[in-house]
Amino acid sequence: MPAPDGLLVVDKPGGWTSHDVVGRGRRLCGTRKVGHAGTLDPMATGVLVLGIGRATKLLTFLVGCDKDYTATIRLGQATITDDAEGEVTSSVPADGVTPEALDAAVAGLTGDIQQVPSSVSAIKVNGQRSYHRVRAGEDVQLPARPATVSRFAVLDTRPADVDGTPVLDVDVEVTVSSGTYVRALARDLGAALGMGGHLTVLRRTRVGAFTLDQAHDLEDLGRLERPELVPVTPLAEAARAQFAVRELSEEQARTIGFGQRVDSAEAGRTEPVAAFAPDGTLVAMLDESGHKARSHVVFAPAGS
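Residues numbered from 1 in each chain as written. Predicted model: local features only at pLDDT ≥ 70, side-chain atom pairs only at ≥ 80, totals over all residues. Heavy atoms only, no water.

Taking an unreviewed UniProt entry as the reference, the chain is identified by name as tRNA pseudouridine synthase B belonging to Pedococcus sp. KACC 23699. According to its UniProt record, the chain has this under Catalytic activity (unreviewed entry): "uridine(55) in tRNA = pseudouridine(55) in tRNA". (UniProt positions renumbered as here; feature names shortened; annotations may be inferred.)

Right under this line is the structure:
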């Protein structure tokens, strides 16, 4: 028997791709219907939300959630990938960075910003991933895009010496909007201080409502004997935890289940709404931006 429909929050280990974790999730849960709600680089660790079964349809809405990270930024060295996995392209001594200058540079990267993604990101350029083009030797220049850094806090700084160059390791916590690249924040922090910067550590601690406290270790999950024992958060519970909720009447639930529209409970809402039948079943994710609510996706079709 496969695992139930729902979300599985995993603490991704370093060295694994997000696709690796999805593959392990498929074996653990006994189903091919597994996806994830936002890629983590192989170097990064932390919260990776997997959708199991029908919950894969929720992942589209989770991808847009804000996220928390802890990270270590090394000032004084730039790398081709903006993280520790790429070769160093420049070194500038960072022993002159003052706390005041660091705080000012961090402030300049906080709030609504325009960010140029790392050239080794997964963004597609003319149908091909940017990182593929970079690895093929192309000089890829991606356009800036809006990003929101709602929190950028310096926790600690530690001077060090790397191959004869004084560097400054900066431990930070950030809260960012979907599509924000923490690697690019590291790069841009260094640039603002007149030197290179790159990530040496990255750990995602939250995706929307889902945190490390709820995350499961892959090794622990591997010891489970049957898919139905996998600690999946049920579909309805997961939707209630993350999204705005609308309680439907029996008639409304039936109408939506037939693919028809109902009046919006709060016209003008921009966020998706999880709509529930009186028995607690998740019926659909609704778009209530207009006066009539339409279904993004229906989970409980009428007559099923």
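Visitor: Explain the overall build of the chain to me, please; I cannot follow it from the model alone.
Guide: Broken down by element type, the chain carries 8 helices and 20 strands. Projected onto its principal axes, the C-alpha coordinates of the chain cover approximately 70 × 50 × 40 Å. Looking at the chain residue by residue over its 304 residues, the buried ones come to 46%. Of the contacts made within the chain by residues no fewer than 6 positions apart, 69% connect residues no fewer than 24 positions apart. About 14,300 Å² of surface is accessible on the chain, with carbon and sulfur atoms providing 48% of the total. Across the chain, the mean location of the 31 positive side-chain charges is 9 Å away from that of the 39 negative side-chain charges. (Helix = DSSP H or I, 4+ residues; strand = E, 2+ residues; numbered from the N terminus. Buried < 20%, exposed > 50% of the residue type's maximum accessible area, 1.4 Å probe, protein only. Contact = heavy atoms within 4.5 Å. Areas by Shrake-Rupley, 256 points an atom, 1.4 Å probe, with all protein chains shown as cover. Lys, Arg positive; Asp, Glu negative; His and termini not counted. Charge placed at Lys NZ, Arg CZ, Asp CG, Glu CD.)

Visitor: Please explain the sheet that holds strand E16 (residues 244-247) as it appears in this structure.
Guide: Here we have 5 strands laid out as an open sheet, ordered E16-E18-E19-E20-E17, and mixed in their pairing. Pairing within the sheet leaves two strands with one partner each, and these edge strands are E16 and strand E17 (262-263). Bridging between E17 and strand E20 (residues 292-298) involves 2 bridges; their strand directions are antiparallel. Within the sheet, the bridge partner assigned to Val 262 lies in E20 and is Ala 293. Those strands touched by helix H7 (residues 235-242) are E16, strand E18 (273-276) and strand E19 (282-287), and its axis lies near 135° from that of E18. Helix H8 (residues 250-257) contacts E16, E17, E19 and E20 of the sheet and is inclined by roughly 75° relative to E19. (Pairing = 2+ DSSP bridges. Axes fitted to C-alpha atoms, helices over the stretch in contact; angles between N-to-C directions.)

Visitor: When you look at the UniProt feature "active site" (unreviewed entry) in the chain in this model, what are you seeing that I'm missing?
Guide: Under the local residue numbering, the UniProt record ascribes the feature "active site" (unreviewed entry) to Asp 41. The topology assignment puts Asp 41 in the loop between strand E2 (34-36) and strand E3 (45-52).

Visitor: Help me understand the pairing of E19 in this model?
Guide: On a regular strand, each side chain points to the face opposite its neighbour's, so the side chains alternate between the two faces of the sheet. When you tally the buried positions in E19, you get 6 out of 6 residues, the bulk of the element. In the sheet, E19 pairs with E20 via 4 bridges, with the strands oriented antiparallel. Counterpart to Leu 286 in the pairing with E20 is Ser 295.

Visitor: Quick question: what am I supposed to make of the UniProt feature "domain: tRNA pseudouridylate synthase B C-terminal" (unreviewed entry) in the chain here?
Guide: Per the UniProt record, the feature "domain: tRNA pseudouridylate synthase B C-terminal" (unreviewed entry) sits at residues 183-222. The straight-line gap between the two end C-alpha atoms of residues 183-222 is 31 Å; of that span, 38% is helix and 38% is strand.

Visitor: Just to check I follow, could you spell out the pattern of salt bridges for this structure?
Guide: A side chain with one charge can pair with a side chain of the opposite charge if their charged atoms come near. Inspection of the entire model under this criterion finds 21 salt bridges. The salt bridge partner of Asp 41 is Arg 183, with a shortest N-O separation of 3.3 Å. A residue pair is termed long-range when its members are at least 10 positions apart, and Asp 41 in the loop between E2 and E3 and Arg 183 in helix H5 (residues 182-192) qualify at 142 residues. As a salt-bridge pair, Asp 68 and Arg 206 come within 2.8 Å of each other at their nearest N and O atoms. In this pair, Asp 68 sits in strand E4 (residues 67-75) while Arg 206 sits in strand E12 (residues 197-207), placing the two residues 138 residues apart along the sequence. Residue classification places Asp 68 among the buried residues on the basis of a relative accessible area of 19%. (Salt bridge = Lys/Arg side-chain N within 4 Å of Asp/Glu carboxyl O.)

Visitor: Help me understand the side chain of Glu 288, please; the structure alone is not making it clear to me.
Guide: By secondary structure assignment, the location of Glu 288 is in the loop between E19 and E20. Its relative accessible area of 0% is what places Glu 288 among the buried residues. At 2.7 Å, the side chain of Glu 288 forms a polar contact with the side chain of Arg 246. When residues no more than four places from it in sequence are discounted, the contact partners of Glu 288 are Arg 246, Ser 264, Ala 265, Glu 266, Ala 267, Gly 268, Arg 269, Val 273 and Ala 293. (Polar contact = N/O pair within 3.5 Å; in protein donor to acceptor, adjacent residues only side chain to side chain.)

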